[in-house]
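# A closer look at the structure
Spelled out, the chains give:
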Amino acid sequence: MKESIREKLGLLTERHEEIEHLLSDPATIADQDRFRDLSREYARLGAVTRDFAAWRALEQDIEAAEELRTSDDPELKALGEEELESLTGQQLALEHALSRHLIPDDPDDEGNLFLEIRAGTGGDEAALFAGDLFRMYCRFAERQRWQVEVLSSNEGEHGGFREVISRVAGTGAYAKLKFESGAHRVQRVPETEAQGRIHTSACTVAVLPEPAEVDQVEIGAKDLRIDTFRASGAGGQHVNKTDSAVRITHLPSGIVIECQDERSQLKNRTRAMGLLRARLKDAEIARRESETAAKRRSLVGTGDRSERIRTYNFPQGRVTDHRINLTLYKLDEILAGDLDGIVGPLSDEFQAEQLADLGIAE
């Protein structure tokens, strides 16, 4: 292990001990906001402290094994070599874990998200593909035991969606789905294609973190125009007789949010405000990262066929993520919600890039 990394881990261990004392201080307990923030930091640093202590213990065990290996006694020497091989493997695994502990936390990772899917180039086929993508994410959410709520939808003429916006709630939802933002391309033969020609269509996916209550974006009442109207689409007689749907326009930014899924105007307004805050927060993140010339990973593009982060090829039964050159010949399983084989490598690649930025090579 590099000495610089060891020093960083030592400082984090000291910080963990410092917070332990602060959490027992009456002044800290009285300040609920500070107590909450320190508790979260203490929990996060607990894993670092535990793993670093285990690594140092292994370091001592390795030194003892090295001494055995230099023994004149053949049995002791063989025992030392065997222990050294086992202990070295354990230490390397811990070094891998400790390196990841040094990656800065994304405060949104453990929270909920808003998932927006829009049909791009391709007409009816793009709308059908948007429906396929939405079902794929819903099935993945079911596997994770997350909840999915549809906030707004605009169905295609022949099925699927021109646009569907939903809220996904569950621990770690944003961490697993945040790399799904971008243009998704499909290559397949539409049912209406008589000559069996392959068509290419596209959809855009946007994944936005839901702001935590302590991180809410302040919105002034004078900056909003709120309109109510009668909901359209399925829902029985009720949706046609009451102005339960809500449209909120944020005047400074021009962002417009509609929500008509709930029968209650109040619920629709609450959900629309939540999505508006997420959009404004996302715009602020984009502005900050633009200033530092950082490319946003959640760039969704225009929905053109030529733009894509991922291609779903039906004739070949394959899915290719172009960002990490990953190709999987399990299209049916992926569309059925088995996304672990994609979201895992994407997360690993992102962490590897972060470690490289920190000067740490795995």
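Cut-offs applied
- Residues numbered from 1 in each chain as written.
- Predicted model: local features only at pLDDT ≥ 70, side-chain atom pairs only at ≥ 80, totals over all residues.
- Heavy atoms only, no water.
- Buried < 20%, exposed > 50% of the residue type's maximum accessible area, 1.4 Å probe, protein only.
- Helix = DSSP H or I, 4+ residues; strand = E, 2+ residues; numbered from the N terminus.
- Pairing = 2+ DSSP bridges.
- Axes fitted to C-alpha atoms, helices over the stretch in contact; angles between N-to-C directions.
- Salt bridge = Lys/Arg side-chain N within 4 Å of Asp/Glu carboxyl O.
- Polar contact = N/O pair within 3.5 Å; in protein donor to acceptor, adjacent residues only side chain to side chain.
- Contact = heavy atoms within 4.5 Å.
- Core = buried A, V, L, I, M, F, W, Y, C linked by side-chain atoms within 4.5 Å.

## Things to note about the pairing of strand β3 (residues 161–169)
Every other side chain in a regular strand lies on the same face of the sheet, so the side chains alternate between the two faces. By the criterion of burial, β3 is predominantly enclosed, with 7 of the 9 residues buried. Summarising the sheet, strand β1 (residues 113–119) and β3 pair through 6 bridges and their orientation is antiparallel. Bridge assignment links L115 to a residue of β3, and that residue is S166. By the bridge criterion, 8 bridges tie strand β2 (residues 147–155) to β3 in an arrangement that is antiparallel. Bridge pairing in β3 places S152 opposite I165. Adjacent in sequence and paired antiparallel, β2 and β3 are bridged by 5 residues, among which G159 carries a positive phi angle near 110 degrees.

## Looking at the sheet that holds β1
Taken in spatial order, the 8 strands make up an open sheet running β2-β3-β1-β5-β4-β9-β10-β11, and their pairing is mixed. Two strands lie at the open edges of the sheet, namely β2 and β11 (326–328), each paired on one side alone. Between one strand axis and the next, the sheet turns by 15 degrees as a mean value, whatever way the strands run. Where strand β4 (residues 182–188) lies against strand β5 (residues 199–209), 7 bridges are found, and the strand directions are antiparallel. Residue pairing across strands places G182 opposite V205, the latter belonging to β5.

## Points about the pattern of salt bridges
Per the stated rule, a full pass over the model turns up 25 salt bridges. Residues E149 and R167 are paired through a salt bridge, measuring 2.6 Å at the closest nitrogen-oxygen approach. Pair noted here: E149 is in strand β2 and R167 is in strand β3, with a separation of 18 residues, a long-range link. Comparing E149 with R167 shows no difference in burial state: the two are buried. What emerges from the salt-bridge pattern is a single network uniting E116, R118, E163 and R279.

## Brief notes about the side chain of R310
The topology assignment puts R310 in strand β9 (residues 310–313). Engagement of the side chain of R310 in a polar contact is seen with the side chain of Y312, the distance being 3.2 Å. Setting aside anything within four residues of it in sequence, one finds R310 in contact with Y137, E180, A183, H184, R185, V319, T320, D321, H322, R323, I342 and L346.

## Regarding the nonpolar core
Ranked by size, the top nonpolar core spans 35 residues in total, and within it L113, L115, I117, L133, M136, Y137 and Y312 carry the most contacts. Going through the elements one at a time, β1, α5 (124–144), β3, α6 (173–177), β5, β11, α9 (331–335) and α10 (340–357) are the ones with two or more residues in this core. Here the element with the most residues in this core is α5; it accounts for 9 residues. Leave out the neighbours within four places in its chain, and L115 touches Y137, V164, I165, S166, V168, V205, A206 and V207.

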